[in-house]
Structures are given as C-alpha cells and as structure tokens.
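# Inside the fold
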Amino acid sequence: MNILITGGAGFIGSHLCGRFLERGDSVICADNFITGSKDNVKEFLTNSRFRLIEHDISTPLYIEEKLDWVFHFASLASPKFYLGYPIKTLKSGLLGAHNCLGIAKAHHAKLFLASTSEIYGDPLVHPQTEEYWGNVNTIGPRSCYDESKRGAEAFVYAYHREHELNVRVVRIFNTYGPFMAVDDGRVVSNFVVQALKKQDLAIYGKGEQTRSFCYVDDLVRGILRMMEVDYQLPLNLGNPVEFKVIELARLVLKLLKSRSQIKYFPIPEDDPKQRKPDITKAKTLLDWQPSIPLEEGLVKTIEYFKSKIKS
Ligand code: UDP
C-alpha cells in the first residue's frame, strides 16, 4: 500500500507510520510540527519507504505517486492546544479534511478520518453509541475542535454521497501511550509528568468527571481492522472501562509510589462530565475490543515519559 498520513508525526500518527512500515507499506507523513514532533518519526527517516513532508494540510497538497489510502490525523487534539489555537484547529479539521478528500478522490484512494468522541459534546446519552447526535455548544471554547470534527464528518459523507468515495470514520475516545508529548496537556500525560517531576497533580473540578482510557496499541489495531472491513459509517473505538479523573490520579500516584499531593483547580468551561464508548459495533463488525487494562498501559506510558524527562 502507498499511504499518506497527515499528522503522521503526532502521537497516534507516528504509531500508524510505524505499523505500516513494519507491514511493508510505503508511507508519506505530512506534518506541520505544531503539535507533532520530528523526534516521533526520526527512527523511520532511514527507511526508503518513508517520506516526511513538512506541510500544513489546511492548504492543498499534491502527491505525484499513486496513493491507496489517505489518513487525516492532523489536528490540535488536546484541549490545551485547541483552546490556544482555535482558528488553526478549525482549519486543520475542516480545510484539512477537504484537502484530504480531494487527494483521496484524485487518487481513487480510501479515505480515513480520525474523528473523535468530542463530537458527542457533554453527552446526555451514556455510554455513547454511534447513533447519538451529541450535545455540543456550537459557540463554546471547545467548539473549534468539536465542530471542526463534526464538519469534517459532514465533508466525508458529502464526498461519499456525491463522489462515491470509499470512506472510514472512526470516533476515537481518550487514548494514551508512548509518543504523547510531554507538554501535551491531556490528563494522562499531565498526571504522569507531574508525578515524575514530584509536582502536585492538578485536577480540574472535583475529579468526579469520567473518561475511558484506551492504550494506543489497542486503538491502532482497531484502526487497521477498520480498513479491512467494508463498513463506511462512523465507528467508536475506545476502551469502555470508565474511570473518574480522581481514580486515575490515585492510580498514577500508586504506580509511581509518589508522594505528590492532589490539588484542585476550577473545571474548564463545557468540560464533559462523563464519557464512555459503546463499542458493540466494533466488537461485532471488527471482532475488536481493547486488551490492555489501564494499569498495564500506564506502566508502559510511565517508562516512556521517564526516558523523555531524563533526556
Ligand atoms: N484534567 C485534569 N487535569 C489535567 C488535565 C485534564 O483534571 O491536568 C481533566 C479534564 O478537566 C477532563 C479530563 O481530565 O475532565 C480529561 O481531560 P483531557 O484534557 O485529557 O481530555 P478531554 O477528554 O477533556 O478531551
């Protein structure tokens, strides 16, 4: 396969580059390095089947060699970054999707959109099934991200209907693991980095809000399965085991035998109170479910951050 991955130097994108190269595919990784990092892909640079292009996918990109698959992962996916760069977030989500769709159409390639559980907003249906339309504040601080991904889904299905483009849409729930940036700002990396630096763990709100954390290897396995099956509607991928943020903090402290304290800060506006995927469809259609429990995934993640913080 000849594969283009936008955001290929990002957290999930770099894992995908690695998996495809392992399988013998050729990978073009396009990234503008706003949140992605050259470090994440440096081990691939000597591979003749890997090409790195510095490019902002909110502007058009022309690829000469014939592509089979186009993955749109470029995104400022952490609240810390999308709240700081709302316009870039909208552009990579919407214009980036449009450009990727144009590329996929020109190459008669299969288009994969990395969508998100954020399209469900602060959900009133729990757990979230793919049929739920969501509860998003269209003008709130998170709307730049949520609406860009909702708009990207709309773009994908417009191309699917109008041009019969072969599409895959996965709604990714909270994912963690090696190659997250130290300054990513999301809860797992923040807690691990804070504990490693012997700082207090900062909980936003009371820590009663829930998330369901999926280890990145499980997610990547699901994405690969999704490309193999003929299913063109959106699909949830995530770990359905739900934790309160306070429980995650205590688990990180336990695993690191840390004496850091927990400190409480105001809850950000529109922070979803609960989140947990219904993965019935993924189980049935992909024969997929996560196999790595949070504690095991955290141990691997902690090892990664230890190496990053030392170097
Ligand atoms: N959170 C927290 N401390 C942090 C980072 C996040 O308590 O240092 C909370 C955040 O308010 C949210 C949850 O943890 O309720 C997950 O946040 P994250 O930024 O990981 O992603 P989200 O799921 O909100 O997109």
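Now for a look at the structure at hand.

About the cut-offs
- Residues numbered from 1 in each chain as written.
- Predicted model: local features only at pLDDT ≥ 70, side-chain atom pairs only at ≥ 80, totals over all residues.
- Heavy atoms only, no water.
- Pairing = 2+ DSSP bridges.
- Helix = DSSP H or I, 4+ residues; strand = E, 2+ residues; numbered from the N terminus.
- Axes fitted to C-alpha atoms, helices over the stretch in contact; angles between N-to-C directions.
- Contact = heavy atoms within 4.5 Å.
- Left-handed = near helix turned anticlockwise from the far one by under 90°.
- Phe/Tyr/Trp six-rings, centres within 6.5 Å; stacked < 30°, edge-to-face > 60°.
- Buried < 20%, exposed > 50% of the residue type's maximum accessible area, 1.4 Å probe, protein only.
- Near = heavy atom within 4 Å.
- Polar contact = N/O pair within 3.5 Å; in protein donor to acceptor, adjacent residues only side chain to side chain.
- Areas by Shrake-Rupley, 256 points an atom, 1.4 Å probe, with all protein chains shown as cover.
- Nonpolar A, V, L, I, M, F, W, Y, C, P; charged D, E, K, R; others polar.
- Core = buried A, V, L, I, M, F, W, Y, C linked by side-chain atoms within 4.5 Å.
- Salt bridge = Lys/Arg side-chain N within 4 Å of Asp/Glu carboxyl O.

Glancing now at the sheet that holds strand S2 (residues 26-31). Strand order in the open sheet formed by seven strands is S3-S2-S1-S4-S5-S6-S11, and the pairing between neighbours is parallel. Lying at the two open borders of the sheet, with one neighbouring strand each, are strand S3 (50-54) and strand S11 (234-237). Adjacent strand axes in the sheet meet at a mean angle of 20° when their direction is disregarded. As paired elements, strand S6 (residues 167-172) and S11 share four bridges and run parallel to each other. Its bridge partner lying in S11, Val170 is registered against Leu235. Helix-sheet contacts for helix H6 (residues 216-228) involve strand S4 (69-72), strand S5 (110-116), S6 and S11, and the interaxial angle to S6 is about 160°.

A separate point is the packing of helix H5 (residues 187-196) against helix H7 (residues 245-255). Their axes nearest at 10 Å, the elements H5 and H7 cross at an angle of 35°. With respect to the hand of their crossing, H5 and H7 are arranged in right-handed fashion. Here Val187, Val188, Phe191, Val192 and Ala195 of H5 lie close against H7, whose contacting residues are Val245, Leu248, Ala249 and Val252.

Summed over all chains, the structure comprises 13 aromatic pairs. Relative to Tyr215, the ring of Tyr176 lies with its centre 5.6 Å away and its plane at 65°, an arrangement referred to as edge-to-face. In this pair, Tyr176 sits in strand S7 (residues 175-176) while Tyr215 sits in strand S10 (residues 214-215), placing the two residues 39 residues apart along the sequence. One exposure class covers both Tyr176 and Tyr215, and it is buried. Ring pairs connect the aromatic residues Phe20, Trp69, Phe71, Phe73 and Phe112, which therefore count as one cluster.

The subject of this paragraph is the site of the ligand. Among the 18 residues in the neighbourhood of the ligand, the closest are listed as Ala202, Tyr204, Arg211, Asp271 and Arg275. A distance of 2.8 Å separates an oxygen atom of the ligand from a polar side-chain atom of Asn190. Within the backbone of Ala202, a nitrogen or oxygen atom sits 2.8 Å from a nitrogen atom of the ligand. Summarising the interface, the protein chains cover 96% of the accessible area of the ligand, which totals 510 Å² for the free molecule. Elements with a contribution of two residues or more to the shell around the ligand: H5 and strand S8 (201-204). Taken together, the residues of the shell around the ligand break down into eight nonpolar, four polar and six charged.

So, on to the nonpolar core. Leu16, Phe20, Phe71, Phe73, Phe112, Ile223 and Leu237 are the most contacted members of the largest nonpolar core, which totals 63 residues. With residues near it in sequence (within four places) discarded, Ile223 still touches Ile12, Leu16, Phe71, Phe73, Phe112 and Leu237. Counting 25 residues, the second largest nonpolar core, distinct from the first, contains Ala97, Cys100, Leu111 and Tyr159.

By the criterion of burial, H5 is predominantly enclosed, with eight of the ten residues buried. Those residues of H5 lying buried are Val188, Ser189, Asn190, Phe191, Val192, Val193, Gln194 and Ala195. In this structure, the buried side of H5 is in contact with S7, S8, H7 and helix H9 (294-310).

Applying the stated criterion across every chain yields a total of 20 salt bridges. Here Arg171 makes a salt bridge to Glu153, at a shortest N to O gap of 2.8 Å. Note that Arg171 is positioned in strand S6 and Glu153 in helix H4 (residues 143-163), a separation of 18 residues in sequence. Glu153 matches Arg171 in its accessibility class, with the two residues each being buried. Salt-bridge contacts for Arg186 lead to Asp184; the nearest nitrogen and oxygen are separated by 2.8 Å.

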